[in-house]
Structures are given as structure tokens and as C-alpha cells.
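Spelled out, the chains give:
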Amino acid sequence: MERDLIRRQLLFFFTVFFCSLVSVCNARAAGLSQSVSLFNKKISDLNANVIFVRHTLAPGVGDPISFNIDDCSTQRNLNQTGKMQANDLGNFFLQSELQFDEILSSEWCRCKETAALLNLGRWTVFSGLNSFFDGHVDKILTLRILNNKLDNLKLDSLVLLITHQVVISSITGRSVPSGGIVIYNSKSADSEYILWKQ
């Protein structure tokens, strides 16, 4: 009798737990679907042909004095939260079903790792996306390279640019958090920050 009571209590507990888990998952899926739909609409409304992404979370500010572009151990890198954030962002882009003509990344390790973890296909590094925050590269030259790229983009193309806060703000005038998205029209210079995560 006592065993039957315990068995029924356990069954009730697991049933409630499972139903709660399903409800949470369904709510998250619905929220993601709404976010993706709104995201795609905003891209269409702006006629955006560029999506800027700030690298995902890499705690700290700038880079060490010993910075070496070819040595990730001398740079500020993604932590576990940043890696998970990149995976989530990649899933968000996959749900949007956008087709990128090109995916480019800063040469900094935290940007390259973000690009890899997005898992959206082939990507390449591009010096026009490098960070000039600490003076490791020349700001004027870097922005000249990037602006030349932007000026030559067609409006019917779509490129994903994984870069740094200083680069995004220099082009769009917008400040974004780690993993933040800014959509941009390279002809009109109109832009909009996108809150993609629920």
C-alpha cells in the first residue's frame, strides 16, 4: 500500500515536471518564431544588405599589451557563456532562413570563434573588420578598407560581418552588447539595432 502511494506520487511528480518542461519549450519556440518573423520583416523594411554582429561574450575590455594577432592566448577570448551565445545566435539565423552571399570576420580570435560557432557555412577573415580600440591596427586604414567594401555591395546581396563594438559604432553610430545585431543598408546608411534574444 505504501509502495503504491509512493509510486503514484512519483508518477504525479514526473508528469507535472514533464508538462512544465514541454510548456516552457513551446513558449520559447513561439518566442523565437516571433523574433525571427520580426527580424525578417525589419530586414525587408530597411532593405538591409548588411548584418553586423558584435562577437559574443568575451569578458574584459580591449586586449592585453602583449596582444599578437596570430596568438589567441594573448587576446581576450570567448568564455563558456559567449560560446553558448554564439550557438544560439547561429540557430536564430538558421531559423530566419536567410541566405548569406558572404560571411566575413575580424582577424581577432574572439570574432573567428564566434564565426565558427555560428555554424552557418564558409567564412573568411577580413582586415576591414579588425578592432582599432587599443591601436593594434590603424583606424583610418581599417575603416577605409571597410567602407570600400560597403560601397561596392549590391542591394540585392546580403553579407554577415562579425566584428567589434568600435567598428559597428563607427559605421552605424550604434552601440551594441556582445552578440548584438545591427542591420544596415549600405546605400542609404540606415541602420537598426535588433534585439534577437527573448
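These figures come from a predicted structure and were not determined experimentally.

Criteria and thresholds
- Residues numbered from 1 in each chain as written.
- Predicted model: local features only at pLDDT ≥ 70, side-chain atom pairs only at ≥ 80, totals over all residues.
- Heavy atoms only, no water.
- Pairing = 2+ DSSP bridges.
- Helix = DSSP H or I, 4+ residues; strand = E, 2+ residues; numbered from the N terminus.
- Right-handed = clockwise from strand over helix to strand, strands pointing away.
- Disulfide = S-S within 2.5 Å.
- Buried < 20%, exposed > 50% of the residue type's maximum accessible area, 1.4 Å probe, protein only.
- Salt bridge = Lys/Arg side-chain N within 4 Å of Asp/Glu carboxyl O.
- Contact = heavy atoms within 4.5 Å.

Peer 1: Break down the pairing of strand β2 (residues 102–105) for me, citing the residues and quoting the values.
Peer 2: Residues in a regular strand point their side chains to alternate faces of the sheet. Here 4 bridges tie β2 to strand β4 (residues 159–163), and the two strands are oriented parallel to one another. Within the sheet, the bridge partner assigned to I103 lies in β4 and is L160. Where β2 lies against strand β3 (residues 124–125), 2 bridges are found, and the strand directions are parallel. Within β3, the residue paired with L104 across the bridge is T124. A crossover connection joins β2 to the parallel β3 through helix α3 (residues 109–118); in handedness this β-α-β unit is right-handed.

Peer 1: Pulling in residues and values, what's your account of the state of the cysteines?
Peer 2: Taken as a whole and judged by the stated rule, the model has 1 disulfide. Paired by a disulfide, C72 and C109 hold their sulfur atoms 2.0 Å apart. Given an S-S torsion of about -85 degrees, the disulfide between C72 and C109 has left-handed geometry. Remark: C109 occurs in helix α3 and C72 occurs in the loop between β1 (50–54) and α2 (80–96); sequence separation between them is 37 residues. A residue is classified by how much of its surface remains accessible, and C109, at 5% relative accessible area, is buried. Not engaged in a disulfide, the cysteine C111 finds its nearest cysteine sulfur in C109; these two sulfurs lie 9.5 Å apart. Take C111: its relative accessible area is 0%, and that puts it in the buried class.

Peer 1: Requested: an account of the pattern of salt bridges, with residues and values cited.
Peer 2: According to the stated counting rule, one finds 5 salt bridges in the structure shown. In this structure, K41 engages D45 in a salt bridge whose closest nitrogen and oxygen atoms are separated by 2.8 Å. In this pair, K41 and D45 are both assigned in helix α1 (residues 2–46), 4 residues apart and thus about one turn of the helix distant. According to the relative accessible area criterion, K41 is partly exposed, its value standing at 48%. With a closest N to O distance of 2.7 Å, E192 and K42 form a salt bridge.

Peer 1: Can you explain α3? Please cite residues and give values.
Peer 2: Every buried residue of α3 is accounted for by C109, R110, C111, T114, A115 and L118. Of the surrounding secondary structure, the elements contacted by the buried residues of α3 are α2, β2 and β4. In the segment just after α3, N119 is the residue with positive phi, at about 60 degrees.

By themselves these figures say nothing about function.
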